[in-house]
Amino acid sequence: MSDSESILSSMTETRSFPPPESFAKTARISSLDEYQRLHKQSIDDPEAFWADVAEKNHHWFKKWDKVLDWQCPLAKWFVGGKTNISYNCLDRQIELGRGDHAAILFEGEPGDTRELSYNQLLAEVCRFANALKKLGVKKGDIVTIYMPMVPELTVAMLACARIGAPHSIIFGGFSATAIADRVHDAESRTIITADGGWRRGSIVPLKYNVDEAVKKCPNVENVVVLKRCDNEITWNDGLDRWWSDLVSSESDVCEAEQCDSEDLLFILYTSGTTGKPKGIMHTTGGYMVYTALTSKLIFDFKPDDVYWCSADIGWITGHSYITYGPLQNGVSVVMYEGAPNHPDWGRFWKIVQDRKVTVFYTAPTAVRAFMRQGTEIPARYDMSTLRLLGSVGEPINPEAWMWYHEHIGGSRCPIVDTWWQTETGGIMIAPLPGAFTLKPGSATRPFFGIDAAVTDSTGKEQPANSGGLLVIRKPWPSMLRGIYGDMDRYREQYWSQIENVYFTSDACRRDEDGNFWLMGRVDDVINISGHRIGTAEVESALVSHKSVAEAAVVGIPHEIKGQALAAFVALKLDATASDDLKKELLDHVAKQIGAIAKPDQIRFTDALPKTRSGKIMRRLLKELASTGEVKGDTTTLEDFSVVAKLSESDG
Ligand code: WT7
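Residues numbered from 1 in each chain as written. Predicted model: local features only at pLDDT ≥ 70, side-chain atom pairs only at ≥ 80, totals over all residues. Heavy atoms only, no water.

## Some details on the packing of aromatic side chains
Argument step 1. For the structure on display, the rule yields 42 aromatic pairs.
Argument step 2. With 4.6 Å between their ring centres and 35 degrees between their planes, Phe 171 and Trp 315 make a pair best called tilted. Taken together, the residues Phe 171 in the loop between strand S7 (167-169) and helix H8 (176-186) and Trp 315 in the loop between strand S16 (306-309) and helix H12 (316-327) connect sequence positions 144 residues apart. Assigned by exposure class, Phe 171 and Trp 315 land together as buried. (Phe/Tyr/Trp six-rings, centres within 6.5 Å; stacked < 30°, edge-to-face > 60°. Helix = DSSP H or I, 4+ residues; strand = E, 2+ residues; numbered from the N terminus. Buried < 20%, exposed > 50% of the residue type's maximum accessible area, 1.4 Å probe, protein only.)

In C-alpha cells, the structure reads:
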C-alpha cells in the first residue's frame, strides 16, 4: 500500500447492542469502566499485569526470573520459568477436581460419538507420549501432524507438548506437495497421520497423500497411522506403524517435561506474499498464559460450559481455541470431524441441540453459507442452551452479524467478533461480552496488554474514523517469536514498515467511541473463507503447469467466501485454450496447494497488463475480474491492446 489515505471506509453502522442484563450479572468482566481500568493497568505496567495472571492461573515447575525481555523485535516472556502446557491443560485441571468432567465431546461425521474426561484424556496423552519417546522422538524434534478432526489429533498435539517436541500441524485439506514442502522446511522426521478422514460422506485419503509426500522426503523415519476409516492403504514396511500397536503396551503415566518458557511449542505454516509458506513460531509460557486468559474472559467461561469452535485444528484458531485455551479452563470442548452440510445443512444445529452447546465460535463464511440456506433450517432445532456466539477469520458483515444474532442466538446471545492472526497466537481485539456495547461489524476494543493503534504509513496515529494501518505498539505474551529458519524475513515483514511497531497488514478504522473496524488486508494476500491465501503461491502453482506461461491471480469479492480468486493465465504458444484445460488447471492448483486455493474464474489471455518496469498491474485485473471492465487509470500501462483483449476473454 502506498499511502494510508487510500483506505476508505464506506461503513456506517448505527445499530448497537448493550450486554443483556442477565449476561452482565454473572460475567467475569461486567462493565466498561472495569475494562478500562484494567486495560490501562495492563498497558502502563504489562510486567506486573502478566506476572499476576501467570502466577494465579498456571502451574510452573520453576518461577521465572524476569517477566519480559524485549529487544525489538525479539521478545522473551517469563524468562527462566519452567512449565509445561500439557500439564496445565490436563494435570492441573485434575488437581482442581475436574478429572471426571468431560474434556472432549467428539462427533464423527458418520454419526459415531465419543467422550473423554480429563482423566481419560491425560491417560491417552501419556500413552502416546511414551510411544513417541520409544520411536526416538526427543525434546526439540519437530513432529508433523496431518490428521482428521478426531480426538487423537488433540492427543497427538498434547503428547508432543508433554515431551517438549514442537508440533507442525498441516490442515487435512492440503496436498502431498504442500506436505512435502512443510516437512522439508521443518526438517521433520516423524509424521502422524490416519488412513483417512470423513468429509461429506467420502474419505479424504490422508495416508495416500503422506505416502506421496514422503517419496520426496528421504529424512522421514516414522509414519504413525491411526485407523479411522478403515480404507485400503499402502503399507511401507520399516516406515509405517499403527497408532494402536504403538500405544497398546504403553503406560498411562508420563511425567511432563519441564520446558523452558521460551522453548518452541509449535510452528504453523501460513501464506505470505511470496510463494514460500512461513513457519510461524510460537513458544511455551507466553502463549500458554495468553490463550488461557483470552479464552476465559472473551468466552466468559463458566465451569459447566459446553464450548464448540467449528474450525479445524489445522489452523491457528483450532490450536489456540479448541485445544490450548479452552482445556486450560477445564471446560467441555465439542469436536466435530466433518462438513457443515452433511448429511444436510442442519448438522451444526443438531450438534448444538444434542450436545447442549453453550458457547459457539465459527467463521463469517460459514454464517453466510447458512444464511443462503434459509432460516427454516436452524428454526427446527432447540438451541436455547446457547448463551454466547463468536466470529473469527475475516470481517463479519453486518447482515451476517444480524442473521447470526437472530437466527442462531435467538436475539439473546452477545456475539464476540474476534480479530487476530496466526502470528498473534491469540485474540487481540474483541468484545468482553458482559461489558461492551456491540456494534455489528466491529471487533470493538483491544484485549488486556494489547496496545493497538491505527496509523498512517509513517506511524502517526490517525484521527477517529480515518482509515489507516492497524499496528500493535507493545510486545504481548503470545506474539510470534519469528519465522522458522528465516529471522530476516520476520524483521522485514512485521517490524520494518514502521519502526518498532508490529505491522499487521490489515486496514482499520477506529470510531469516536474507540471501537476498531477492520477493513481487510492491505497486501496481496487474499482471505478466502477466513483463510489467507497468498496470490503468489497460486500463481506459482499455475505456472508450474506445462501449458502455462504466466499467471496473475487477484482477489474478487464473493458473497459466501468473502473473497475468491480470479486467475489470468497466459498460455505457452503450443497450448490451446479449452474448458478441459481450465479444469486441468484447477485440479493442478488443488494438487499443488489444496482445493481451497482453486480460482473461481480462469481467463485465458495472450499477455498480462504490465507496467514499463515489468510489474503486473493487479489493480486493473482486479477491476476487470470484479466488474467486467476497466475504467481506472491505465497511464502506466505498457501495451494498451492487452486490456481490450482481456475484456473480451470470458470468465
Ligand atoms: C487475518 C489473519 C485468526 C484466526 C483465523 C485467520 C483476518 C481475522 C478477523 C476479524 C476482520 C479478521 C485479518 C487477519 N481476520 N479475524 N474478526 N475481523 N478480519 O488467521 O489466516 O492468520 O488470518 O484474518 O485480515 O490479518 P490468519
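## With respect to the packing of helix H18 (residues 535-543) against helix H19 (residues 579-592)
Argument step 1. Two elements in contact, H18 and H19, have axes whose closest approach is 9 Å; the angle formed by their N-to-C orientations is 120 degrees. When the interaxial angle is binned, H18 and H19 end up oblique. Of the two possible hands of crossing, H18 and H19 adopt the one that is right-handed. Taking contact as the criterion, the partners of Val 538, Ala 541 and Leu 542 in H18 are, on H19, Leu 585, His 588, Val 589 and Gln 592.
Argument step 2. Split by residue class, the contact of H18 with H19 holds five nonpolar, two polar and no charged. (Axes fitted to C-alpha atoms, helices over the stretch in contact; angles between N-to-C directions. Parallel < 35°, antiparallel > 145°, perpendicular 65-115°, else oblique. Left-handed = near helix turned anticlockwise from the far one by under 90°. Contact = heavy atoms within 4.5 Å. Nonpolar A, V, L, I, M, F, W, Y, C, P; charged D, E, K, R; others polar.)

## Regarding the sheet that holds S16
Argument step 1. Within the open sheet, the seven strands sit side by side as S5-S4-S17-S16-S18-S19-S20. Their pairing is mixed. Looking at the sheet topology across the chains shown, the edges are occupied by strand S5 (113-117) and strand S20 (415-418). Neighbour-to-neighbour, the strand axes of this sheet turn through a mean angle of 20 degrees, independent of strand direction.
Argument step 2. Of the pairings in the sheet, the one linking S16 to strand S17 (residues 332-336) comprises three bridges and is parallel in character. Paired with Trp 308 across the strands is Val 334, a residue of S17. (Pairing = 2+ DSSP bridges.)

## Digging into unusual backbone geometry
Argument step 1. That bond from Cys 72 to Pro 73 is cis: its omega, 0 degrees, falls within 30 degrees of zero.
Argument step 2. Along the chain, the position of Pro 73 falls in the loop between strand S1 (66-71) and strand S2 (74-79).
Argument step 3. That bond from His 342 to Pro 343 is cis: its omega, -5 degrees, falls within 30 degrees of zero.
Argument step 4. Position of Pro 343 relative to the elements: it lies in the loop between S17 and helix H13 (347-355).
Argument step 5. Even without a glycine there, the phi angle at Arg 200 is positive, about 55 degrees.
Argument step 6. In this structure, Arg 200 sits in the loop between strand S9 (197-199) and strand S10 (202-204).
Argument step 7. Even without glycine at this site, Asp 300 takes up a positive phi of about 50 degrees.

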